[in-house]
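Chain by chain, the residues run as shown.
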Number of protein chains: 2
Amino acid sequence: MARRTPTIPEATVARLPIYRRALVELDESSAINVSSERLAEMSGVNAAKVRKDLSYLGSYGTRGVGYDVDYLLFQVSRALGLNNDWPVAIVGSGNLGQALANYRGFTQRGFPVAALIDVDDKKVGATVHGIEVHHVDRLEDLVAELGIAIGIIATPAGAAQAVADRLVEAGIQSVLNFAPVVISVPDGVPLRQVDLATELQILSFYQQRNAASDR
Amino acid sequence: MARRTPTIPEATVARLPIYRRALVELDESSAINVSSERLAEMSGVNAAKVRKDLSYLGSYGTRGVGYDVDYLLFQVSRALGLNNDWPVAIVGSGNLGQALANYRGFTQRGFPVAALIDVDDKKVGATVHGIEVHHVDRLEDLVAELGIAIGIIATPAGAAQAVADRLVEAGIQSVLNFAPVVISVPDGVPLRQVDLATELQILSFYQQRNAASDR
DNA sequence: AGGAGGTTGTGTACAAGTTCACAAAGGTGG
DNA sequence: CCACCTTTGTGAACTTGTACACAACCTCCT
Ligand SMILES: NC(=O)c1ccc[n+]([C@@H]2O[C@H](COP(=O)([O-])OP(=O)(O)OC[C@H]3O[C@@H](n4cnc5c(N)ncnc54)[C@H](O)[C@@H]3O)[C@@H](O)[C@H]2O)c1
Ligand SMILES: NC(=O)c1ccc[n+]([C@@H]2O[C@H](COP(=O)([O-])OP(=O)(O)OC[C@H]3O[C@@H](n4cnc5c(N)ncnc54)[C@H](O)[C@@H]3O)[C@@H](O)[C@H]2O)c1
């Protein structure tokens with residue numbers, strides 16, 4: 001395995017999509033070059049960090065000039081594996097699942113929603129934003145047939161681990177979990193958890209501390 | 001200002017809600033005590049980390065025994081500022097805003113959705129899950145009248161910064177942003193960004209790397 | 001009362017991430 | 001072709017976060 005990228009730090013990986021977004025915006029406004037300083041400003045970080053992060057991908061800037069927007073966008077996209085689309089399946093067609101299915105942003109960014117999956121017979125067969133809702137019994141088939149790469153879990157917390165297990169068993173490549181519960185998957189299956197209530201609690205901590213120190 | 005908490009590291013703060021969730025679950029299953037090891041397992045971290053994290057809050061365990069579930073839950077909740085409710089307003093009553101408004105989990109965890117706010121006259125006046133949609137013109141009034149603590153931004157990216165500015169100006173205490181754009185708020189106003197497309201891109205990076213090293 | 005068994009709290013070493021600061025290098029204009 | 005300006009790329013210092021390992025301490029049993 002020829003390792004082109006010796007290893008990119010996790011913290012850097014988490015910022016690449018932010019840089020990418022800034023680059024898309026610059027590209028749309030027909031900018032040719034961008035300095036690390038400008039990119040930093042647009043991304044809400046400091047310029048040295050931008051340069052160090054980008055240097056893990058390779059040496060794509062020009063001293064005295066900056067980075068070529070087009071070229072850097074290409075390189076960042078490539079590093080993120082966005083050359084081809086990654087079809088996603090959303091498991092759980094409730095409030096959240098349907099809102100996600102309705103969202104144009106995913107397909108736009110290379111993550112087409114290929115299937116909605118639910119256990120509730122009343123929901124199966126419906127279509128949301130042109131996407132059919134399938135029964136969870138067919139999960140394994142769907143993953144195989146549609147070449148699903150990413151499973152998004154939007155079921156109640158109680159079902160999340162079982163769904164994750166089935167997705168992994170079916171050969172999914174990575175998992176994004178919205179249920180407010182810690183789930184575990186085998187080593188080597190990338191997993192991200194997004195928990196909105198957790199985010200609010202973190203905010204609560206800091207605002208409470210602000211209030212205390214104002215007193 | 002009597003500083004009871006000399007300073008809790010950010011990484012620790014981010015984990016407290018996870019511990020809290022595990023403690024709620026233990027409490028519901030009538031557990032009396034819990035060891036750092038068990039708590040670690042439920043939270044998906046290692047036991048030393050749990051102990052160190054909890055030690056920032058104070059010394060609430062008993063050697064040889066573990067932590068009293070009830071008492072620790074109380075202490076963690078207090079540290080997070082969850083003694084009282086924090087009313088939230090959701091700005092942008094689209095797909096996502098409505099899904100959030102429909103979600104019971106927020107009120108349950110002490111973040112009642114007190115208002116929905118939109119700019120679109122066709123949406124103003126409707127009620128979602130018992131919550132009225134108000135016009136954005138009334139944003140400042142609503143924040144004051146309803147004692148809104150947290151503003152959730154679920155508008156298109158283009159409107160996010162302006163909405164954030166108005167929320168801050170109106171005296172909001174913290175901001176949770178779902179729009180895929182970096183927004184800035186004054187120092188001292190806690191801000192969290194949740195970007196689902198970013199999460200998918202991070203997954204894409206790692207699964208692509210897995211694929212490359214398998215080859 | 002004293003010892004055995006078990007778990008916390010924390011000092012310390014280590015790893016990861018951030019920031020600084022500057023040499024190296026490209027561009028430009030004379 | 002050279003001096004000057006600008007901005008990158010990166011070693012090194014520093015800060016933050018994680019893991020280890022064990023003394024301190026509690027409970028229970030004999
Ligand atoms: N709605 C939100 O804004 C929101 C916010 C934060 C977190 N969440 C979390 O996201 C998850 C979904 O929330 P929601 O509001 O959409 O809930 P919901 O009850 O509206 O939807 C859940 C859906 O999952 C389906 N389901 C249940 N078990 C299943 C299984 N084993 N396989 C497939 N489908 C199954 C149900 O039939 C239902 O359609 C929950 O875990 C919730 O805590 C939701
Ligand atoms: N829907 C999703 O699943 C999803 C997923 C990820 C991110 N997002 C992001 O969340 C945001 C909302 O997404 P959505 O799908 O709900 O979009 P949407 O278009 O359905 O809803 C946006 C709402 O905001 C309102 N709005 C526009 N400008 C406003 C303003 N200045 N003040 C108040 N309200 C205003 C619009 O009238 C509309 O009702 C977007 O930024 C989107 O990128 C959504």
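Everything numeric in this text was worked out from a predicted model, so none of it was measured.

Cut-off values and rules
- Residues numbered from 1 in each chain as written.
- Chains lettered and ligands numbered in written order.
- Predicted model: local features only at pLDDT ≥ 70, side-chain atom pairs only at ≥ 80, totals over all residues.
- Heavy atoms only, no water.
- Phe/Tyr/Trp six-rings, centres within 6.5 Å; stacked < 30°, edge-to-face > 60°.
- Helix = DSSP H or I, 4+ residues; strand = E, 2+ residues; numbered from the N terminus.
- Buried < 20%, exposed > 50% of the residue type's maximum accessible area, 1.4 Å probe, protein only.
- Arc of directions from axis to C-beta.
- Contact = heavy atoms within 4.5 Å.
- Near = heavy atom within 4 Å.
- Polar contact = N/O pair within 3.5 Å; in protein donor to acceptor, adjacent residues only side chain to side chain.
- Areas by Shrake-Rupley, 256 points an atom, 1.4 Å probe, with all protein chains shown as cover.
- Nonpolar A, V, L, I, M, F, W, Y, C, P; charged D, E, K, R; others polar.
- Axes fitted to C-alpha atoms, helices over the stretch in contact; angles between N-to-C directions.
- Parallel < 35°, antiparallel > 145°, perpendicular 65-115°, else oblique.
- Domains from an automatic or database assignment.
- 1 Å grid on protein atoms, 1.4 Å probe; cavity = no way out; pocket = protein on both sides within 12 Å on 5 of 7 lines; lining within 4 Å.
- Points joined across faces, edges and corners; volume = space filled by probe spheres on them.
- Buried area = accessible area lost by both parts, 1.4 Å probe.
- Salt bridge = Lys/Arg side-chain N within 4 Å of Asp/Glu carboxyl O.

Caption draft 1: Highlighting the packing of aromatic side chains. Residues and elements named next belong to chain A. As enumerated under the stated definition, the model contains six aromatic pairs over all chains in all. Between Tyr60 and Tyr71 the ring centres are 5.5 Å apart and the planes differ by 85 degrees, which places this aromatic pair in the edge-to-face class. Here the residue Tyr60 occupies a position in the loop between α3 (47–57) and β2 (61–62), and Tyr71 occupies one in helix α4 (residues 69–79), the gap between them amounting to 11 residues. A centroid spacing of 5.0 Å and a plane angle of 85 degrees characterise the contact between Phe205 and Tyr206, whose relative ring orientation is edge-to-face. Since its relative accessible area comes to 16%, Tyr206 is described here as buried.

Caption draft 2: Molecular detail of helix α2 (residues 36–43) of chain A. All names here are of chain A. Considered for burial, the residues of α2 that qualify are Ser36, Leu39, Ala40, Met42 and Ser43. Taken around the axis of α2, the buried residues stretch over an arc of 165 degrees, which confines them to a single face. α2 presents Glu37 and Glu41 as exposed residues on the side facing more than 90 degrees away from its buried surface. As for α2, its buried residues are in contact with α1 (10–28), β1 (33–34), α3, β3 (66–68) and α4.

Caption draft 3: Region of the structure containing the site of ligand 2. In the neighbourhood of ligand 2, 23 residues make up the surrounding shell, with A:Tyr103, B:Leu96, B:Asp118, B:Lys123 and B:Thr155 lying closest. Mapping the residues adjacent to ligand 2 onto the chains of the assembly identifies chains A and B. Within the backbone of B:Thr155, a nitrogen or oxygen atom sits 2.6 Å from an oxygen atom of ligand 2. Protein burial of ligand 2: of its 830 Å² of free accessible surface, 84% is covered by the chains. If you list the elements that add at least two residues to the shell around ligand 2, you get α5 (95–101) of chain A together with α5 (95–101) and α8 (157–169) of chain B. Of the residues contributing to the shell around ligand 2, the split by class is 15 nonpolar, five polar and three charged.

Caption draft 4: The packing of α1(A) against α2(A), seen in detail. Residues and elements named next belong to chain A. Two elements in contact, α1 and α2, have axes separated by 9 Å at closest approach and are oriented at 110 degrees. With respect to α2, the element α1 is oriented roughly perpendicular. When α1 is examined against α2, the residues Ile18, Tyr19, Ala22, Leu23, Glu25 and Leu26 are found in contact with a partner set consisting of Leu39, Met42 and Ser43. For the contact of α1 with α2, the per-class residue count stands at seven nonpolar, one polar and one charged.

Caption draft 5: Just the domain arrangement of chain A, in detail. Assigned domains of chain A: these are domain 1 (10–79) and domain 2 (88–198). Averaged C-alpha coordinates put domain 1 of chain A and domain 2 of chain A at centres separated by 31 Å.

Caption draft 6: Quick peek at the protein's contact with DNA strand D. For DNA strand D, the set of nearby residues contains 26 residues, the closest of which are A:Ser36, A:Arg51, A:Gly64, A:Tyr67 and B:Arg63. For DNA strand D, a base nitrogen lies 3.1 Å from a polar atom in the side chain of A:Lys52. Interatomic distance of 2.9 Å between a backbone N/O atom of A:Gly61 and a phosphate oxygen of DNA strand D. Of all the secondary structure elements, the ones that give two or more residues to the surface near DNA strand D are α3, β2 and β3 of chain A together with α1 (10–28) and α3 (47–57) of chain B. In terms of residues, the surface near DNA strand D owes the most to one element, α3(B), which gives four residues.

Caption draft 7: Highlighting the protein's contact with DNA strand C. The full set close to DNA strand C counts 26 residues, and A:Arg15, A:Arg63, B:Ser36, B:Arg63 and B:Tyr67 are the nearest of them. Restricting the count to atoms of DNA strand C within 4 Å of the protein gives a sugar and phosphate share of 62%. One of the side-chain nitrogen or oxygen atoms of B:Arg63 is found 2.9 Å away from a sugar or linking oxygen of DNA strand C. Within the contact set of DNA strand C, a sugar or linking oxygen lies 3.0 Å away from a backbone nitrogen or oxygen of B:Gly64.

Caption draft 8: View of empty space enclosed by the protein. Applying the stated criterion across every chain yields a total of one cavity of 30 Å³ or more. Along the walls of the largest cavity sit A:Leu96, A:Phe178, A:Leu196, B:Leu96, B:Leu100, B:Phe178 and B:Leu196, which together make up its complete lining. Its residues assigned to classes, the lining of the largest cavity shows seven nonpolar, no polar and no charged.

Caption draft 9: Representation of the interface of chain A and chain B. Between chain A and chain B, the residue contacts involve 60 residues of the former and 61 residues of the latter. Summing the contributions of chain A and of chain B, the shared interface buries around 5700 Å²; its carbon and sulfur component is 64%. Area buried by chain A at its contact with chain B is led by A:Leu200, A:Gln201 and A:Gln207, which between them contribute 13% of it. Where chain A packs against chain B, one counts four salt bridges. We note a salt bridge from A:Asp195 to B:Arg21, for which the minimum N-O separation is 2.3 Å. Along the contact surface separating chain A from chain B lie 22 residue pairs in polar contact (both at pLDDT 80 or more). Secondary structure elements with two or more residues in the side of chain A that touches chain B: α1, α2, α4, α5, β8 (150–153), β9 (174–177), β10 (191–193) and α9 (196–214) of chain A. In terms of residue count, α9(A) provides more of the side of chain A that touches chain B than any other element does, 15 residues in total.

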